[in-house]
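Geometric and topological summary
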Amino acid sequence: APSYTITEVDLPEGTEFVSATNDETSVSDDSKTISGKLKESVSGEVLITTDNSFVNKLPDAKQGDLTVEKRVTHGSLSGQEFKFKVILKGSFEYNGSSYVNEEVTIYDEVNPLIVKGGEKASIGPIKWSGEDAPEYTVIELDTDIAKNISVVNGSGKIAEGSSATVATFTNEPMLVGG
């Protein structure tokens with residue numbers, strides 16, 4: 001009976017090779033190749049192959065979070081609502097949806113993330129596989145009660161682990177009158 005060789009090439013993005021097996025061979029190295037002999041069918045008229053199986057996996061999932069902190073320089077701004085636009089970019093899972101190489105506006109002008117002066121707000125868990133953590137951008141939307149005087153970590157990559165990535169925005173009151 002004729003022989004065959006199967007090699008898995010071009011793994012789907014973000015996956016890792018685990019193993020390849022058939023009736024005669026089991027491989028778990030980087031060759032990603034198995035070989036065998038075609039078997040005759042019961043009637044002897046047609047050649048058929050053995051069962052061949054290739055197993056891939058996603059790398060261990062990673063998780064992070066993004067927290068927006070709103071600092072204020074004056075007590076009159078404590079507790080006031082400030083609005084933020086939040087954009088995530090890359091391949092990730094968020095809020096029950098999966099995104100692959102996308103830029104997604106999680107919060108926008110119509111449905112902003114609201115953070116009160118002197119407080120913090122988390123957007124919730126963000127999951128991804130591989131080494132490329134999603135990128136984020138946080139933009140404070142205009143307000144008529146305060147002006148932004150400082151932004152720290154307004155954009156970057158989501159950090160893995162239990163301590164959230166923190167974007168910090170500091171505002172001072174707008175001067176009224178003269």
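We now turn to the structure provided with this report. (Residues numbered from 1 in each chain as written. Predicted model: local features only at pLDDT ≥ 70, side-chain atom pairs only at ≥ 80, totals over all residues. Heavy atoms only, no water.)

So, the overall build of the protein
Within the protein, the regular secondary structure consists of zero helices and 16 strands. Here the C-alpha atoms of the protein give a radius of gyration of 27 Å, more than 25% beyond the 16 Å that 2.2 N^0.38 yields for 178 residues. Overall, the C-alpha framework of the protein stretches about 100 × 25 × 20 Å when taken along its three principal axes. Within the protein, the proportion of its 178 residues that are buried is 33%. (Helix = DSSP H or I, 4+ residues; strand = E, 2+ residues; numbered from the N terminus. Rg over C-alpha atoms; globule rule 2.2 N^0.38 Å. Buried < 20%, exposed > 50% of the residue type's maximum accessible area, 1.4 Å probe, protein only.)

Overview of the nonpolar core
Membership of the largest hydrophobic core comes to 25 residues, with the highest contact counts inside it found for L88 and V138. For this core, the secondary-structure elements that each account for two or more residues are β8 (62-72), β9 (81-94), β10 (97-107), β11 (113-116), β12 (120-128), β13 (135-140) and β16 (165-173). Counting residues per element, this core draws most heavily on β9, which supplies six residues. For L88, the contacting residues outside a window of four places in its chain are Y94, E102, E103, V104, I106, I123, I126, E135, Y136 and I158. (Core = buried A, V, L, I, M, F, W, Y, C linked by side-chain atoms within 4.5 Å. Contact = heavy atoms within 4.5 Å.)

Side note on the pattern of salt bridges
Tallied over the full model, the rule gives five salt bridges. Of the charged contacts, one joins E109 and K85 as a salt bridge, the two residues approaching to 3.7 Å between their closest N and O atoms. In this pair, E109 sits in the loop between β10 and β11 while K85 sits in strand β9, placing the two residues 24 residues apart along the sequence. Across the pair E172 and K147 runs a salt bridge, and its minimum N-O distance is 3.4 Å. Here the residue E172 occupies a position in strand β16, and K147 occupies one in strand β14 (residues 146-152), the gap between them amounting to 25 residues. With a relative accessible area of 25%, E172 lands in the partly exposed category. (Salt bridge = Lys/Arg side-chain N within 4 Å of Asp/Glu carboxyl O.)

Quick word on the environment of D108
With respect to the helices and strands, D108 occurs in the loop between β10 and β11. Along the chain, D108 and V86 lie 22 residues apart, while their C-alpha atoms are 6.7 Å from each other. Ignoring sequence-local partners within four residues, the contact set of D108 consists of K85 and L141. Among the polar contacts listed, one links the side chain of D108 to the backbone nitrogen of V110, at a separation of 3.0 Å. Among the polar contacts listed, one links the side chain of D108 to the backbone nitrogen of N111, at a separation of 2.6 Å. (Polar contact = N/O pair within 3.5 Å; in protein donor to acceptor, adjacent residues only side chain to side chain.)

Digging into unusual backbone geometry
Positive phi, close to 55°, is recorded for N95, a residue that is not glycine. For N95, a relative accessible area of 67% corresponds to the exposed category. Phi at N101 is positive, roughly 50°, even though this residue is not glycine. Here N101 lies in strand β10. Classification of N101 as exposed rests on a relative accessible area of 55%.

Details of the sheet that holds strand β3 (residues 26-27)
Pairing is antiparallel across the open sheet formed by three strands, whose spatial order is β3-β2-β7. In this open sheet, the two edge strands, each paired with only one partner strand, are β3 and β7 (53-57). Examined bridge by bridge, strand β2 (residues 16-21) and β3 share two bridges and lie antiparallel to one another. For A20, the partnering residue across the bridge sits in β3 and is V27. (Pairing = 2+ DSSP bridges.)

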